[in-house]
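Next come the chains, spelled out residue by residue.
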Amino acid sequence: MITIGPEESKEVLTRCLAMGADRALRIEGPASQDGHLIAKILSQVIKNQSFDLILTGVQAEDDNYGQVGVSLAQMLGLPHAAIVTHIEMTGDKVKVKRELEGGIDEVIELKLPAVLSIQTGINEPKYVSLAALLEAEDKETKDLGLEEVGITAGESVDTKIDQVCFPTRWENGRNIKGQS
């Protein structure tokens, strides 16, 4: 389990260890919370690791951009699926159901390793007992600074918003009678 953030984010890692995570790593948070920079930091840490599946959230609470998982997959050269609502592992592949616009679902199959951006509500988190939490507090959580993962302090990316506007207003749709 990897998180990027301040010292307080160790609390989340302790909970993950109590739920069964093997290892926990906290990386110092950069000055800019740009999704592309977060993906770059994660890719620096993950690129030399052995893994089958990388799970990210769909989007951050603060900016709603939804770009970390997709950017991470691109940086690592891995297949990806976003807004995943169901996962089924089958050998060296993963079959996922993902949510498209308008509530439509799409089922796709990806070769492992892959990156999946997981939609909220995909599962019911496991109950963690007090004993498991106390035991997890004794497990090591590794801390890394940005320089240790190859990121210069104060580094940023060139992501910028050129324009924000409302969509063009269209005339209302029409019902066309006929047989289906």
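Note that the coordinates shown come from a computational prediction; the quantities given were computed from them, not determined experimentally.

## Some thoughts on the overall build of the protein
Turning to step 1, where the next piece is worked out: When helices and strands are tallied, the protein shows four helices and eight strands.
Turning to step 2, where the next piece is worked out: From first element to last, N terminus to C terminus, the protein shows the α and β order β-α-β-α-β-α-β-β-β-β-α-β.
Turning to step 3, where the next piece is worked out: Principal-axis analysis of the C-alpha atoms places the extent of the protein at approximately 70 × 40 × 30 Å.
Turning to step 4, where the next piece is worked out: Taking all contacts inside the protein whose residues are at least 6 apart in sequence as the whole, residues at least 24 apart take part in 61%.
Turning to step 5, where the next piece is worked out: When the accessible surface of the protein is summed, it comes to about 12,800 Å², and 49% of that surface belongs to carbon and sulfur atoms.
Turning to step 6, where the next piece is worked out: The averaged location of the 29 negative side-chain charges in the protein is 7 Å from the averaged location of its 18 positive side-chain charges.

## Some details on the pattern of salt bridges
Turning to step 1, where the next piece is worked out: Scanning all chains against the criterion turns up seven salt bridges.
Turning to step 2, where the next piece is worked out: We note a salt bridge from Glu7 to Arg26, for which the minimum N-O separation is 3.5 Å. Within this pair, whereas Glu7 is found in the loop between strand S1 (2-4) and helix H1 (10-18), its partner Arg26 is found in strand S2 (residues 25-27), the two being separated by 19 residues in sequence.
Turning to step 3, where the next piece is worked out: For Glu7, a relative accessible area of 45% gives the class partly exposed.

## A word on a nonpolar patch on the surface
Turning to step 1, where the next piece is worked out: Residues Tyr65, Ile161 and Val164 make up a contiguous nonpolar surface patch of roughly 350 Å² in combined accessible area.
Turning to step 2, where the next piece is worked out: Mapped onto the elements of the fold, Val164 is located in the segment after strand S8 (142-144).

## What to know about the packing of H1 against helix H4 (residues 130-137)
Turning to step 1, where the next piece is worked out: Orientation of H1 relative to H4, taken along the N-to-C sense of each, is 115°, at an axis distance of 8 Å. Judged by the twist between their axes, the crossing of H1 over H4 is right-handed. Residue-level contacts link Thr14, Arg15, Leu17 and Ala18 of H1 to Ala132, Leu133, Ala136 and Glu137 of H4.
Turning to step 2, where the next piece is worked out: Looking at side-chain class alone, the contact of H1 with H4 contains five nonpolar, one polar and two charged residues.

## Observations regarding the sheet that holds S8
Turning to step 1, where the next piece is worked out: In space, the three strands of this open sheet follow the order S1-S2-S8, with parallel pairing throughout. Looking at strand neighbours, the two that pair on one side only are S1 and S8, the edges of this open sheet. Direction aside, neighbouring strands of the sheet carry axes that sit 20° apart on average.
Turning to step 2, where the next piece is worked out: Bridge count between S1 and S2: three bridges; the pairing is parallel.

Cut-offs and rules
Residues numbered from 1 in each chain as written. Predicted model: local features only at pLDDT ≥ 70, side-chain atom pairs only at ≥ 80, totals over all residues. Heavy atoms only, no water. Helix = DSSP H or I, 4+ residues; strand = E, 2+ residues; numbered from the N terminus. Contact = heavy atoms within 4.5 Å. Areas by Shrake-Rupley, 256 points an atom, 1.4 Å probe, with all protein chains shown as cover. Lys, Arg positive; Asp, Glu negative; His and termini not counted. Charge placed at Lys NZ, Arg CZ, Asp CG, Glu CD. Salt bridge = Lys/Arg side-chain N within 4 Å of Asp/Glu carboxyl O. Buried < 20%, exposed > 50% of the residue type's maximum accessible area, 1.4 Å probe, protein only. Patch = residues over 30% accessible without salt bridge, like charges linked within 9 Å, V, L, I, M, F, W, Y side chains within 5 Å. Axes fitted to C-alpha atoms, helices over the stretch in contact; angles between N-to-C directions. Left-handed = near helix turned anticlockwise from the far one by under 90°. Nonpolar A, V, L, I, M, F, W, Y, C, P; charged D, E, K, R; others polar. Pairing = 2+ DSSP bridges.

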